[in-house]
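Read off the chains here:
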Amino acid sequence: MKSTSAVWHPFTQHAVQPEATPISKGEGAWLETADGRRIFDAISSWWVVTHGHRHPHIVTAIKDQVDRLDQVIFAGFTHEPAEKLARHLIAITPPELEYVFFSDSGSTSVEVALKMALGFWRHCGEKRSRILALEGAYHGDTIGGMSVGARGVFNAPYSPLLFDVERIPFPSMEREEAALDALNAACRRGGIAALIVEPLVLGAGGMLIYPPWVLAEMKRVCKTHGVLFIADEVMTGWGRTGTLFACEQANVTPDIACYSKGLTGGSLPLAVTLCRADIFEAHYSTDRTRTFFHSSSYTANPIACAAALANLEIWEREPVRERIAGIARLHTKGLDRFREDGRLTNVRQIGTIAALDIADSDAGYMADIGPRLYQGFLARGLLIRPLGNTIYLMPPYCSTASELDLVYEAISEVADEIE
Ligand SMILES: *Cc1c(COP(=O)(O)O)cnc(C)c1O
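Residues numbered from 1 in each chain as written. Predicted model: local features only at pLDDT ≥ 70, side-chain atom pairs only at ≥ 80, totals over all residues. Heavy atoms only, no water.

*Asks:* Explain the environment of Pro302 to me, and be specific about the residues and the numbers.
*Replies:* Along the chain, Pro302 falls in helix α9 (residues 302-317). Its relative accessible area of 0% is what places Pro302 among the buried residues. On a C-alpha basis, the gap between Pro302 and Ser109 in space is 17 Å, while along the polypeptide they are 193 residues apart. With residues near it in sequence (within four places) discarded, Pro302 still touches Gln65, Leu69, Asp70, Gln71, Val72, His79 and Pro81. (Helix = DSSP H or I, 4+ residues; strand = E, 2+ residues; numbered from the N terminus. Buried < 20%, exposed > 50% of the residue type's maximum accessible area, 1.4 Å probe, protein only. Contact = heavy atoms within 4.5 Å.)

Shown next, in the form of structure tokens:
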């Protein structure tokens, strides 16, 4: 109870964690503390900041939009930023996704996806209400998001509120067929409305990567059994895995897809759930009970939509893909020195995400190694927030070679300290 702050922070045990560091400025890949220290944002401020903090084009778009329209009810009304954004999203996401539903966080985009799936089957008159999910998944912290996510210490107190989900084993190396068999068996038992997956990499579950062919097979199995395939691209979207969206690498078109985090370049909260036309059409009826009953007060906030449009323009105008490829190359080089290093294990990478585990440590999120690593990095001016004994990097795309050199050097030093 030592703090004078009235703020209750997320995922923070106030009794043991140091006081929150006040940040007063962000620029590019750097944060500046109130007392003038600089911190390199190696995890893009919880995976949202893609091009860097305060990208000028996004800042300008926000300022311009504020001068025209700040907010308007989105039922019965619409506005140009939302209309333009929806059209643009349809054009760049996998084909067959034809409708866009707005919300304001990754978690709510998942709730929307689950409700779309269940609404679809009800309106089709088929008894399908069960959801399949991958073991170890993370889909957000609302009740539905927690229900389809992994169960554990994070949600144990709330388990009475969570609905039951069937788990498919994570397709780890040489266990891919087992996972696909389990998916097939679950689909065959019937009653399945949808499978929800994080394509190619489980994020909060520990940066666990699986290959595109498995993603493609999962989609194929779902299609065979008429099970809707929900891609939660909240983290993987906007270039994180090397392509704009992870599903592209497997040539997969989901039936429903969730995007958030980098949607506004990390500047403002916004999320979208895209779906195929038949899902929209199942709700389209003169029968008002078939309405899609979902909204949040700030659905499609115009300022957030303007920021997202600016993000899409940056993707068109600037060499974002080249930057991403550059970061990926720097990761490969940076990780190289740890491949034969006994202190670290499970060295892995996908696109702009690099991860490695401290060897021989008590794994698990609650192990005290995570906070010790975090403090070690922070003392060196780096924001890196390990998941248990997993150190991962997910830097903004404006990061330079010398900045990433600093990070990899620090990983080596901190690994020594921990030993
Ligand atoms: C972060 C995340 C979410 C939740 O997004 P919020 O904006 O934090 O609610 C959902 N799914 C995945 C895969 C995520 O990484």
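*Asks:* Let's hear about the packing of helix α3 (residues 80-92) against α9: which residues, and what values?
*Replies:* Relative to each other, α3 and α9 sit at 40°, their axes nearing to 9 Å. Handedness of the α3/α9 crossing: left-handed. Across the interface between the two elements, Pro81, Ala82, Lys84, Leu85, His88, Leu89 and Ile92 of α3 pack against Pro302, Cys305, Ala306, Ala308, Leu309, Leu312 and Glu316 of α9. Along the lines of polarity and charge, the residues of the contact of α3 with α9 split into 11 nonpolar, one polar and two charged. (Axes fitted to C-alpha atoms, helices over the stretch in contact; angles between N-to-C directions. Left-handed = near helix turned anticlockwise from the far one by under 90°. Nonpolar A, V, L, I, M, F, W, Y, C, P; charged D, E, K, R; others polar.)

*Asks:* Mind laying out the packing of helix α6 (residues 176-189) against helix α7 (residues 212-224), listing which residues take part and the relevant values?
*Replies:* Remark: α6 packs on α7, axes separated minimally by 10 Å, with the N-to-C direction vectors making an angle of 15°. As the angle between them shows, α6 and α7 are arranged roughly parallel. Relative to α7, α6 is oriented so that their crossing is right-handed. Counted together, Glu176, Glu177, Leu180, Leu183, Asn184 and Cys187 of α6 and Trp213, Val214, Glu217, Met218 and Val221 of α7 form the full contact between these two elements. Grouping the amino acids of the contact of α6 with α7 by side-chain chemistry returns seven nonpolar, one polar and three charged. (Parallel < 35°, antiparallel > 145°, perpendicular 65-115°, else oblique.)

*Asks:* So what about the pairing of strand β5 (residues 130-134)? Which residues, and what values?
*Replies:* The element β5 is extensively covered by neighbouring structure, given that four of its five residues are classed as buried. Between the parallel pair β5 and strand β6 (residues 166-168), the chain is carried across by helix α5 (residues 143-148), and the sense of this crossover is right-handed. (Right-handed = clockwise from strand over helix to strand, strands pointing away.)

*Asks:* Give a description of helix α4 (residues 106-124) that names residues and reports values.
*Replies:* Taking 1.5 Å of rise per residue, 19 residues should cover 27 Å, and α4 covers 27 Å from first to last C-alpha, within 8% of that figure. With respect to burial, α4 is a largely interior element, 15 of its 19 residues being buried. Gly125 lies just past α4 and shows a positive phi near 75°. (Expected span 1.5 Å × (residues − 1).)

*Asks:* Give a detailed account of the packing of aromatic side chains, specifying residues and quantitative values.
*Replies:* This model, assessed by the stated rule, comprises 14 aromatic pairs. Taking the centre distance of 4.6 Å and the plane angle of 45° together, the rings of Phe245 and Tyr259 count as tilted. Taken together, the residues span a long stretch of sequence, with Phe245 in the loop between β10 (228-232) and β11 (256-259) and Tyr259 in strand β11 at a distance of 14 residues. An aromatic cluster is built from Phe11, Trp46 and Phe154, whose rings are joined through pairwise contacts. Looking at Arg128, its charged tip hangs above the ring of Trp121, at a distance of 4.4 Å from the centre. (Phe/Tyr/Trp six-rings, centres within 6.5 Å; stacked < 30°, edge-to-face > 60°. Lys NZ or Arg CZ within 6 Å of the ring centre and 35° of its normal.)

*Asks:* Got a sec to walk through the layout of surface pockets? Specific residues and values, please.
*Replies:* Size it by volume and the largest pocket reaches roughly 1,800 Å³. Lining the largest pocket we find 44 residues, and of these Pro10, Phe11, Thr12, Gln17 and Arg385 sit closest to its centre. Elements with a minimum of two residues in the lining of the largest pocket: α1 (44-47) and α11 (369-379). Looking at which element gives the most residues to the lining of the largest pocket, the answer is α11, with five residues. Looking at the lining of the largest pocket residue by residue, the class counts come to 26 nonpolar, 13 polar and five charged. Counting only domains with at least three residues in the lining of the largest pocket, you end up with domain 1 (59-317) and domain 2 (319-418). (1 Å grid on protein atoms, 1.4 Å probe; cavity = no way out; pocket = protein on both sides within 12 Å on 5 of 7 lines; lining within 4 Å. Points joined across faces, edges and corners; volume = space filled by probe spheres on them. Domains from an automatic or database assignment.)

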